[in-house]
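Here is how the chains run, residue by residue.
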Amino acid sequence: MKHIIIDCDPGHDDALAILTAIAHAEKLRILGITTIGGNQTLEKVTTNAKNILEFVQAEIPLATGQKGPLTKELRIAPEAHGDSGMDGPYFNGEHYPIASDNAVLFMYEKIRACTQKVILVGLGPLTNIALLIKVFPEIRNKIEYISIMGGGLERGNTTALAEFNIYVDPEAAEIVFNSDIPIVMSGLDVTEQAEITVAEINGLKNKGRVSHLAYELLHFYNLSGRQFGFINSPIHDLCAIAFLIDPRMFSGTSYHVDVITEGKARGLTYADKRLAAVGKQNTFVLEQVNRKEFVHLLTDALAYLDALSPIDRENKH
Ligand code: BDR
Ligand code: CA
């Protein structure tokens, strides 16, 4: 059993990652979910997290984190995720409880109380996780590794060189990559292969209560992705969870990875591929994913949740 904490900024792909993790309770024990300002303001991404958790009647403690990056202003992504940060479905989950308004302390206490090492999952800017490492450095011994969606060795999506989560808070990412905690990096190199097709999205429509929710999320996300040249939709954040459930669907290489914080390359993650870096690898960089297995992992998880919560959609909407 893997004990995990998910730090996120839902976000369509964050939401699908959370749902898939919840469906795999036989492999993942979710100790808590923490939010971070990213795709939208902290307030909006927290509302989105509440809505998703309420929708599946989860009982996972939810804590709110930092409003924005360590040193700069928050840059949000309404062009990808809409004004709410998770446009598409109608929700009414505003009653889901907030366990703490201090995500850093919350993570620290959860990790300390856990009888085994914990895996952190970072699906947004790495601000909360960087603060955890800075404020409580001794906690590093209890973190097995950090599975992050962020970066990309060959491409960016927010600038030519930088991926969104790293670009929003490169200073935080630099702390995390230099923390001596092993990292598994789902960067754009792999996440842009992790696409769901339009036909697969349409196959979720009216399939079940949770599958239909995913359809509504993906329908919006697919249309917004068109402006960036995507026909299908890369479900970036799900890679960081899928790796924990079924790592065999991925392949990758260990590198020493670091982050550029200044100039035109601000937010770039780069790998030191020199012979001199052998033995200094800090990151397992995912490079390939079996797309079909990846999509099946999602659709099977949604079908499982459909069967668990057979409440008629119409009663809720
Ligand atoms: C990342 O940026 C966000 O918009 C997504 O939720 C994902 O975490 C992809 O670059
Ligand atoms: Ca995200």
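Relevant structure appears above.
Everything numeric here is computed off the predicted structure, so don't read it as measured data.

Student: Just give me the short version of the overall build of the protein chain, but keep the residues and values in it.
Tutor: Across its full length, the protein chain carries 13 helices and 11 strands. A compact globule built from 317 residues should have a C-alpha radius of gyration of about 20 Å, and the protein chain, at 18 Å, falls within 12% of that. The dimensions of the protein chain, computed from C-alpha atoms along their principal axes, are 60 × 45 × 35 Å. By residue count, 60% of the 317 residues in the protein chain fall in the buried class. Long-range contacts, defined as pairs at least 24 residues apart, comprise 84% of the intrachain contacts of the protein chain with a sequence gap of at least 6. Carbon together with sulfur atoms contributes 51% to the accessible area of the protein chain, which is approximately 12900 Å² in total.

Student: I'd like a description of the coordination of the calcium ion (ligand 2), backed by residues and values.
Tutor: In a perfect tetrahedron of four donors around a metal, the angles come out at 109.5 degrees. In a perfect octahedron of six, they are 90 or 180 degrees. Only Asp 9 (OD), Asp 14 (OD), Asp 14 (OD), Leu 123 (O) and Asp 237 (OD) from the protein coordinate the calcium ion (ligand 2), and they sit 2.3 to 2.6 Å from it. In primary-sequence terms, the residues that donate to the calcium ion (ligand 2) follow D-x4-D-x108-L-x113-D. Residue Leu 123 is found in the loop between β4 (118-122) and α5 (127-135), and its partner Asp 237 is found in helix α11 (residues 236-245); the two are separated by 114 residues along the sequence. Just as Leu 123 is buried, Asp 237 falls in that class too.

Student: Just give me the short version of the packing of aromatic side chains, but keep the residues and values in it.
Tutor: Tallying each qualifying case throughout the model produces 4 aromatic pairs. Where Phe 55 meets Phe 91, the ring centres are 6.4 Å apart and the plane angle is 90 degrees; that geometry is what we call edge-to-face. Of this pair, Phe 55 sits in helix α2 (residues 42-55) while Phe 91 sits in the loop between α3 (78-81) and α4 (103-113), placing them 36 residues apart in sequence. This pair shows no difference in class: Phe 55 is buried, exactly as Phe 91 is. Considering the side-chain rings of Tyr 108 and Phe 136, the 3.8 Å spacing of their centres and the 10 degrees angle between planes classify their relative orientation as stacked. Of the two residues, Tyr 108 sits in helix α4 while Phe 136 sits in the loop between α5 and β5 (143-149), which places them 28 residues apart along the sequence. In this structure Tyr 108 comes out as buried when scored by relative accessible area, which is 12%. Through a chain of ring-to-ring contacts, the aromatic side chains of Phe 243, Phe 250 and Phe 284 assemble into a single cluster.

Student: Can you break down the site of ligand 1 residue by residue, with the values?
Tutor: Close to ligand 1 lie Asp 13, Asp 14, Asn 39, His 81, Leu 123, Met 149, Asn 157, Glu 163, Phe 164, Asn 165, His 236 and Asp 237, which account for all nearby residues. For ligand 1, an oxygen atom lies 2.9 Å from a polar atom in the side chain of His 81. Separating an oxygen atom of ligand 1 from a side-chain N or O atom of Asn 157 is a distance of 2.9 Å. For ligand 1, the protein covers 96% of the area, taking 280 Å² as the surface of the free molecule.

Student: Before we move on, can you summarise the sheet that holds strand β10 (residues 269-272) with the specific residues and values?
Tutor: Judged by pairing direction, the sheet is mixed, and its 9 strands sit side by side in the order β3-β2-β1-β4-β5-β6-β11-β9-β10 without closing on themselves. The two strands at the open ends of the sheet, each matched to only one other strand, are β3 (62-64) and β10. Averaged over all pairs of adjacent strands, the angle between strand axes in this sheet comes to 30 degrees, irrespective of strand direction. Summarising the sheet, strand β1 (residues 2-8) and strand β2 (residues 28-35) pair through 7 bridges and their orientation is parallel. The residue of β2 that forms the bridge with Ile 5 is Gly 32. Packing of α11 onto the sheet brings it into contact with β1, β2, β4, β5, β6 (183-186), β9 (250-259) and β11 (283-289), and relative to β5 it is tilted by some 145 degrees.

Student: Please give an account of the pairing of β4 that cites residues and values.
Tutor: Where burial is concerned, most of β4 is hidden: 5 out of the 5 residues are buried. Burial of the side chains of β4 extends over both faces: Val 118, Leu 120 and Gly 122 are buried on one face and Ile 119 and Val 121 on the other. Inspection of the sheet shows β1 paired to β4 by 5 bridges, in the parallel sense. Pairing of Ile 6 across the sheet is with Val 121, part of β4. Pairing of β4 with β5, which is carried by 5 bridges, proceeds in the parallel orientation. In the strand pairing of β5, Val 118 is matched with Ile 143.

Student: Tell me about the nonpolar core, and please be specific about residues and values.
Tutor: Grouped together as the largest cluster of nonpolar side chains are 64 residues, with contacts concentrated most on Ile 6, Ile 241 and Phe 294. Once you skip the residues sitting within four places of it in the chain, Ile 241 turns out to touch Ile 4, Ile 6, Ala 17, Ala 21, Leu 28 and Val 121. Core analysis: the second largest hydrophobic core is formed by 33 residues, Tyr 108, Cys 114, Ala 271 and Val 285 among them.

Student: Can you tell me about the packing of α11 against helix α12 (residues 291-308), naming the residues and giving the values?
Tutor: When two helices pack together, you describe them by how their axes are tilted relative to each other and by the distance separating the axes. Close contact between α11 and α12 brings their axes to 11 Å; oriented N to C, the two are set at 90 degrees. The angle between α11 and α12 falls in the class roughly perpendicular. Facing Leu 238, Cys 239, Ala 242 and Ile 245 of α11, the residues of α12 in contact are Phe 294, Leu 297 and Leu 298.

Thresholds, definitions, all that
Residues numbered from 1 in each chain as written. Chains lettered and ligands numbered in written order. Predicted model: local features only at pLDDT ≥ 70, side-chain atom pairs only at ≥ 80, totals over all residues. Heavy atoms only, no water. Helix = DSSP H or I, 4+ residues; strand = E, 2+ residues; numbered from the N terminus. Rg over C-alpha atoms; globule rule 2.2 N^0.38 Å. Buried < 20%, exposed > 50% of the residue type's maximum accessible area, 1.4 Å probe, protein only. Contact = heavy atoms within 4.5 Å. Areas by Shrake-Rupley, 256 points an atom, 1.4 Å probe, with all protein chains shown as cover. Donors = N, O, S within 2.8 Å, 3.2 Å for Na, K, Ca; no water. Phe/Tyr/Trp six-rings, centres within 6.5 Å; stacked < 30°, edge-to-face > 60°. Near = heavy atom within 4 Å. Polar contact = N/O pair within 3.5 Å; in protein donor to acceptor, adjacent residues only side chain to side chain. Pairing = 2+ DSSP bridges. Axes fitted to C-alpha atoms, helices over the stretch in contact; angles between N-to-C directions. Core = buried A, V, L, I, M, F, W, Y, C linked by side-chain atoms within 4.5 Å. Parallel < 35°, antiparallel > 145°, perpendicular 65-115°, else oblique.

Purely geometric numbers; function is a separate question.
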